[in-house]
Amino acid sequence: MNLIKIKEIKNFLLDMLYPRHIKCIFCGEELNEKSYNDTCEKCLKELPFITHSCLRCGGPIGESNDGVCLNCKANNFEFKLARSVFSYKDKIISVIHKFKYGGMKFLEEPLGNYLCEYFSTWDINPDIITSVPLNDNKLKRRKFNQSECMARILSNRNNIPYFNLCTKIVDNISQTELNFKERKENVKNVFRFNSEYKKEIKDKIVLIVDDVYTTGSTCNELSKIIIEAGAKEVFVITLAHGLGDNKI
Ligand SMILES: [Zn+2]
Ligand SMILES: [Zn+2]
């Protein structure tokens, strides 16, 4: 059996499990014609959209705070602003896991739609879109870079060119179990700017797309090398934000 055939069968089986546009991507409930973006009405009401956020990193903060979160007070990030659609909790965690680790590439479309919808309300005008790169081993294992998938959707819908501006050159350990300080160290010098894009980014505004913002260390490191390579400023958009008001 050739590879294409195997892929077709795999997609067919995935369709049986999670039929596109028929079942809710969050709970598997049957959708009706009123359903929005492959999401049932119940889940749509329950999704943790961020409604009150840190002015700098876009993380969810308490209603009484009109400024920046503790993490932003303690750090001077290289990117100008970051924004996220959802808090990283509940149904958002499981759908991102299905997308990232479960090989369910079709989730790029509804999740990309949520990202596009947020982007359309954000008053920035990037010239170039890029995404947080994966190293080769991870890419081989996962078959696709979930952040790049969403970034390309954002790029196509808004007619903004997409470039893989950076490459991940070091297979560093996963950030998941590390604290803030360790994360910052762990991402140092793991990315390289792809010099063929040097001309394209000169004095340009770049938007980095990622799936989850945690402490900002990864996007900060990436922003640093993109700015060093000549970009004017960098913004960040992620599907979910994992940092609450009182965590550092
Ligand atoms: Zn649902
Ligand atoms: Zn913040």
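Keep in mind that what you see is a predicted model, and the values were worked out from it rather than measured.

1. What about the overall build of the protein chain?
Argument step 1. Per the secondary structure count, the protein chain includes 10 helices and 6 strands.
Argument step 2. Relative to the compact-globule value of 18 Å for 248 residues, the protein chain shows a C-alpha radius of gyration of 18 Å, a close match.
Argument step 3. The principal-axis extents of the C-alpha atoms in the protein chain amount to approximately 50 × 45 × 35 Å.
Argument step 4. Counting the 248 residues in the protein chain, one finds 38% classified as buried.
Argument step 5. Taking the intrachain contacts of the protein chain between residues at least 6 apart in sequence as the baseline, contacts between residues at least 24 apart amount to 74%.

2. Brief notes about the sheet that holds strand β1 (residues 81-87)
Argument step 1. If you walk across this open sheet you meet the 4 strands as β1-β6-β5-β2, and the pairing is parallel. Where the open sheet ends on each side, the last strands, each with one partner, are β1 and β2 (128-131). Taken pair by pair, the neighbouring strands of this sheet meet at an average axis angle of 20°, ignoring direction.
Argument step 2. Taken together, the 6 bridges between β1 and strand β6 (residues 233-241) define a ladder with parallel strand orientation. Its bridge partner being in β6, F86 is matched across the sheet by A240.

3. As for the pairing of β6
On a regular strand, one side chain projects to one face of the sheet and the next to the other, so that they alternate.
Argument step 1. When you tally the buried positions in β6, you get 8 out of 9 residues, the bulk of the element.
Argument step 2. Sheet topology places strand β5 (residues 205-213) next to β6; 8 bridges connect them, and they run parallel. Bridged to I205 within β6 is E233.
Argument step 3. Read from β5 through helix α10 (residues 217-228) to β6, the crossover connection turns out right-handed.

4. Remarks on the domain arrangement of the protein chain
Argument step 1. Domain annotation for the protein chain reports domain 1 (1-46) and domain 2 (48-241).
Argument step 2. One C-alpha centre belongs to domain 1, the other to domain 2; they are set 25 Å apart.
Argument step 3. At the interface, 10 residues of domain 1 touch 8 residues of domain 2.
Argument step 4. A class-by-class count of the residues in the side of domain 1 that touches domain 2 yields 5 nonpolar, 2 polar and 3 charged.

5. A short note on the nonpolar core
Argument step 1. In terms of nonpolar packing, the biggest core is built from 56 residues, with L115, M150, I208 and L239 touching the most fellow members.
Argument step 2. Residues lining this core come from more than one domain, with at least three contributed by each of domain 1 (1-46) and domain 2 (48-241).
Argument step 3. Once you skip the residues sitting within four places of it in the chain, I208 turns out to touch T130, S131, V132, C219, L222, S223, V234 and V236.

6. Here we look at helix α7 (residues 146-158)
In an α-helix, one turn spans 3.6 residues; hence positions three or four apart end up facing the same way.
Argument step 1. A rise of 1.5 Å per residue sets the reference length of α7, with its 13 residues, at 18 Å; its end C-alpha atoms lie 19 Å apart and thus fit the reference within 8%.
Argument step 2. Those residues of α7 that are buried are in contact with α4 (90-100), α5 (108-119), β2, β5 and β6.
Argument step 3. Within two residues after α7, N159 carries a phi angle of roughly 50°, on the positive side.

7. Some details on unusual backbone geometry
Argument step 1. Residue D90 is not a glycine yet carries a positive backbone phi of 50°.
Argument step 2. Here D90 is to be found in helix α4.
Argument step 3. Phi at K143 is positive, roughly 75°, even though this residue is not glycine.
Argument step 4. Looking at the element boundaries, K143 is found in the loop between α6 (136-142) and α7.

8. As for the environment of F180
Argument step 1. Residue placement: F180 occurs in helix α8 (residues 180-186).
Argument step 2. C-beta crowding within 10 Å serves as the criterion here: with 16 such atoms nearby, F180 is assigned to the partly exposed category.
Argument step 3. Taking the C-alpha atoms as reference points, F180 and S64, separated by 116 residues in sequence, lie 25 Å from one another.

9. A few points about the packing of α5 against α7
Argument step 1. Contact geometry of α5 with α7 gives a least axis separation of 9 Å together with a crossing angle of 55°. Our classification of the angle between α5 and α7 gives oblique. Crossing hand, α5 versus α7: right-handed. Residues E108, L111, G112, L115, C116 and F119 of α5 form the contact with α7, whose participating residues are C149, M150, I153, L154 and R157.
Argument step 2. Classifying every residue of the contact of α5 with α7 gives 8 nonpolar, 1 polar and 2 charged.

Rules and cut-offs
Residues numbered from 1 in each chain as written. Chains lettered and ligands numbered in written order. Predicted model: local features only at pLDDT ≥ 70, side-chain atom pairs only at ≥ 80, totals over all residues. Helix = DSSP H or I, 4+ residues; strand = E, 2+ residues; numbered from the N terminus. Rg over C-alpha atoms; globule rule 2.2 N^0.38 Å. Buried ≥ 20, exposed ≤ 12 C-beta atoms within 10 Å, placed from the backbone. Contact = placed C-beta atoms within 7 Å. Pairing = 2+ DSSP bridges. Axes fitted to C-alpha atoms, helices over the stretch in contact; angles between N-to-C directions. Right-handed = clockwise from strand over helix to strand, strands pointing away. Domains from an automatic or database assignment. Nonpolar A, V, L, I, M, F, W, Y, C, P; charged D, E, K, R; others polar. Core = buried A, V, L, I, M, F, W, Y, C linked by C-beta atoms within 7 Å. Expected span 1.5 Å × (residues − 1). Parallel < 35°, antiparallel > 145°, perpendicular 65-115°, else oblique. Left-handed = near helix turned anticlockwise from the far one by under 90°.

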